[in-house]
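Observations on the three-dimensional arrangement
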Amino acid sequence: MDQKLFNDFEPVASKQWKNLIQYDLKGADYNETLLWETTEGFKVRPFYHHDEEQTILNPNTKITEFKITQDIFVHDLQKSIFKANNAIQRGAESLKFIIPNHTIDTVALLSSIENKNITVYISFEFLSESYIQNIDNWAANSSLNIFFLLDIIGSLAQEGNWYTNQEQDLQVVKNLHTNLKNTQALSVNASLYQNAGATITQQLAYTLAHINEYFNLIENFNKTIVVEVALGTNYFFEIAKLRALRVLFDSLNEIYNTQAKLHILAFPTKRNKTLYDYNTNMLRTTTECMSAIIGGADAVMNLPYDTIFHKNNEFGDRISRNQLLILKNESYLDKVNNPADGAYYIENLTHTLAQNALNLFKKVESHNGLLAGLLNGAIQKLINEAATKEQELFDTGKEVLLGTNKYPNKADKMKNDLELFPFVKKQSGKKLINPIIEKRLAEKVEQERLEQENTAE
């Protein structure tokens, strides 16, 4: 029997809820007590109701398709082959390889993957058209789904220089887009904006402008573009961020009259990760991965809890992979498509973020686009202003990282556990532009504590 369980209840209008809340406030001001303002300047209400929502967006967020991804830096070929197959045996469903130089035999690496039906992402720390073309030729007889994470504009933003020069680098991208037949070769590293402290609105707007640079470069772009996205702790906002990204991408497709596809590879941000009380990083990455999944990422790649101070290790990789396995196989987050649909708060956030980002995107384009903004320093300046504002909130305790600027364990010692330098490294060499610098919020506090450890000896 098909029962309508809620037909027995009278519908309640938004105004009725507000009257009841105002009564319970016993004279306190509704706006001052219950509304809070984000760092980006828009107000968040205490409740959301269907009769107040004008626009409902329907981004495609089919989370049953998300893949658990493992990243591997390829230094030793044989060790990387073992690690890749071991990761797949232990639950990874796709792999991301970072290739540092031309001497790595990537074809041999791919040929040795035992599961031939997975997705592979390949990121290069160099630019070589012939090297990439060779892999594409090999892929003609492979069932691997291969994405090259080729983002020359992102590399310029991060490193401060082109690989060769603007004209030649852009030409390589155009050639690969035309000539590659068996692989996809374009990506946008949007994680750079988040890790550097950009607001969510900035992240979305600059990502859209970043994509638009490639759409302007390549006529009738109808292939897949991979966008790497980092997610922070603001759970519902990050869900809405991914949903808004799909809405904005669809709008760009509509404007260009193209059929390009968006493929989101998401992972936790480094910005809020900490050196001290590092186990709290697992709590942060868990909620961030949940935001990625519910927001509709195609692939989710976790960060090990010790990634900022330990060299890559089997234990850290296993724990981070198991977090995703639990979310997928024990929490069943892959069993319901579009779970955020109909949640008025998330719907409202999606619409607000998309609209704010679109307005900023139009402003960027009115100043000749993202690339021009990077070359004249305007983008870096705006991101730095947002990062400085967030840093001030952290320094004054208004933005909290438990175990670091709230309830720190004073007995916690770390100086003997550092295998990696966990702070911003000084840039050397001549730069064409000022690079966008990734920086964690806790760096200053951690440096002071490490200095105290050295002084105490």
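Residues numbered from 1 in each chain as written. Predicted model: local features only at pLDDT ≥ 70, side-chain atom pairs only at ≥ 80, totals over all residues. Heavy atoms only, no water.

1. Focus: the packing of aromatic side chains
All chains considered together, the criterion is met by 17 aromatic pairs. Arranged with centres 6.1 Å apart and planes meeting at 45°, the rings of Trp36 and Phe237 form a pair that is tilted. Of the two residues, Trp36 sits in strand S1 (residues 36–37) while Phe237 sits in helix H10 (residues 235–256), which places them 201 residues apart along the sequence. A relative accessible area of 2% means that Phe237 is categorised as buried. When the ring of Tyr278 is compared with that of Phe309, the centres are 5.2 Å apart and the planes differ by 45°; the resulting orientation is tilted. Residue Tyr278 is located in the loop between strand S9 (261–268) and helix H11 (280–295), and its partner Phe309 is located in the loop between strand S10 (299–301) and helix H12 (314–330); the two are separated by 31 residues in the primary sequence. Residue classification places Tyr278 among the partly exposed positions, given a relative accessible area of 25%. Here Phe309 falls in the buried class, since its relative accessible area comes to 1%. Grouping aromatic residues by their ring pairs yields a cluster made of Tyr48, Tyr235, Phe236 and Tyr345. (Phe/Tyr/Trp six-rings, centres within 6.5 Å; stacked < 30°, edge-to-face > 60°. Helix = DSSP H or I, 4+ residues; strand = E, 2+ residues; numbered from the N terminus. Buried < 20%, exposed > 50% of the residue type's maximum accessible area, 1.4 Å probe, protein only.)

2. Observations regarding the packing of helix H5 (residues 129–139) against helix H7 (residues 166–179)
At their nearest, the axes of H5 and H7 sit 11 Å apart, and the two run at 15° to each other. As far as their axial angle goes, H7 and H5 are roughly parallel. Classified by chirality, the crossing of H7 by H5 is right-handed. Side by side, H5 and H7 meet where Glu129, Ile132, Gln133 and Asp136 of the first sit next to Val172, Asn175, Leu176 and Asn179 of the second. (Axes fitted to C-alpha atoms, helices over the stretch in contact; angles between N-to-C directions. Parallel < 35°, antiparallel > 145°, perpendicular 65-115°, else oblique. Left-handed = near helix turned anticlockwise from the far one by under 90°. Contact = heavy atoms within 4.5 Å.)

3. Comments concerning the pattern of salt bridges
Per the stated rule, a full pass over the model turns up 13 salt bridges. In this structure, the salt-bridge partner of Glu37 is Lys43, at a minimum N-O distance of 3.1 Å. A relative accessible area of 52% places Lys43 in the exposed class. As a salt-bridge pair, Lys96 and Glu228 come within 2.9 Å of each other at their nearest N and O atoms. You can see Lys96 sitting in strand S4 (residues 94–99) and its partner Glu228 sitting in strand S8 (residues 224–231), a full 132 residues away along the chain. Look at the salt bridges and you will find they share partners, linking Arg243, Asp341 and Glu347 into a network. (Salt bridge = Lys/Arg side-chain N within 4 Å of Asp/Glu carboxyl O.)

4. Re unusual backbone geometry
Positioned with a positive phi, Asn220 is a non-glycine residue whose angle comes to about 50°. With respect to the helices and strands, Asn220 occurs in the loop between helix H9 (200–217) and S8. Residue Asn220 is classed as exposed on the basis of its relative accessible area, which comes to 56%. Here the phi dihedral of Tyr332 falls at roughly 60°; this positive angle occurs in a residue that is not glycine. Along the chain, Tyr332 falls in the loop between H12 and helix H13 (344–366).

5. Examining the sheet that holds S10
To summarise the sheet geometry, strands pair through backbone hydrogen bonds and adopt either a parallel or an antiparallel arrangement. Across the sheet, eight strands lie side by side as S6-S5-S4-S3-S10-S9-S8-S7; this open sheet has parallel pairing. Since the sheet does not close on itself, it has two edges, and those belong to strand S6 (145–148) and strand S7 (187–189), each with one partner. The average angle at which neighbouring strand axes cross in this sheet is 25°, direction not considered. Of the pairings in the sheet, the one linking strand S3 (residues 67–73) to S4 comprises five bridges and is parallel in character. Of the residues in S4, the one forming a bridge with Asp71 is Lys96. Packed on one face of the sheet, H10 meets S8 and S9 and runs near 160° to S8. (Pairing = 2+ DSSP bridges.)

6. Some details on the layout of surface pockets
Here the second largest pocket is characterised by a volume of approximately 930 Å³. Thr39, Thr233, Asn234, Glu390 and Glu399 are, among the 35 residues lining the second largest pocket, the residues nearest its centre. Every element with two or more residues in the lining of the second largest pocket is listed here: S1, H9, H10, H11 and helix H15 (378–395). At six residues, H15 tops the list of elements feeding residues into the lining of the second largest pocket. When its residues are assigned to classes, the lining of the second largest pocket shows twelve nonpolar, 13 polar and ten charged. (1 Å grid on protein atoms, 1.4 Å probe; cavity = no way out; pocket = protein on both sides within 12 Å on 5 of 7 lines; lining within 4 Å. Points joined across faces, edges and corners; volume = space filled by probe spheres on them. Nonpolar A, V, L, I, M, F, W, Y, C, P; charged D, E, K, R; others polar.)

7. Concerning the pairing of S6
Where strand S5 (residues 119–124) and S6 come together, four bridges link them in parallel fashion. Paired with Ile122 across the strands is Phe148, a residue of S6. You can see the chain leave S5, run along H5 and come back into S6, and the turn it takes is right-handed. (Right-handed = clockwise from strand over helix to strand, strands pointing away.)

8. A few points about the nonpolar core
Soluble globular proteins tend to bury their nonpolar side chains together. In terms of nonpolar packing, the biggest core is built from 103 residues, with Phe97 and Ile99 touching the most fellow members. For this core, the element with the highest residue contribution is H9, accounting for ten residues. Apart from residues no more than four positions distant in its own chain, Ile99 is found in contact with Val74, Ile104, Thr106, Leu109, Ile122, Ser123, Phe124, Glu125, Phe126 and Tyr131. Listed in part, the nine residues of the second largest apolar core include Leu149, Ala230, Leu265 and Ala299. (Core = buried A, V, L, I, M, F, W, Y, C linked by side-chain atoms within 4.5 Å.)

9. Concerning the pairing of S4
S4 sits mainly inside the fold: six of its six residues count as buried. Along S4, one buried face is formed by Ser94, Lys96 and Ile98 and the opposite face, lined by Leu95, Phe97 and Ile99, is buried too. Note on the crossover from S3 through helix H3 (residues 77–89) to S4: the handedness is right-handed. Sheet topology places S4 next to S5; six bridges connect them, and they run parallel.

10. Section: H12
The first and last C-alpha atoms of H12 sit 22 Å apart over 17 residues, in line with the 24 Å expected at 1.5 Å per residue. Next to the buried residues of H12 lie S3, H3, H11 and S10. Directly beyond the C-terminal end of H12, a positive phi value near 60° is found at Tyr332. (Expected span 1.5 Å × (residues − 1).)

11. Focus: H3
The first and last C-alpha atoms of H3 sit 19 Å apart over 13 residues, in line with the 18 Å expected at 1.5 Å per residue. Listed as buried for H3 are Ser80, Ile81, Ala84, Asn85, Asn86, Ala87 and Ile88. Against the buried residues of H3 lie S3, S4, helix H4 (106–111) and H12. Count one or two residues on from H3 and you reach Gly91, which has phi positive near 125°.

Treat this as a map of the structure, not an account of what it does.
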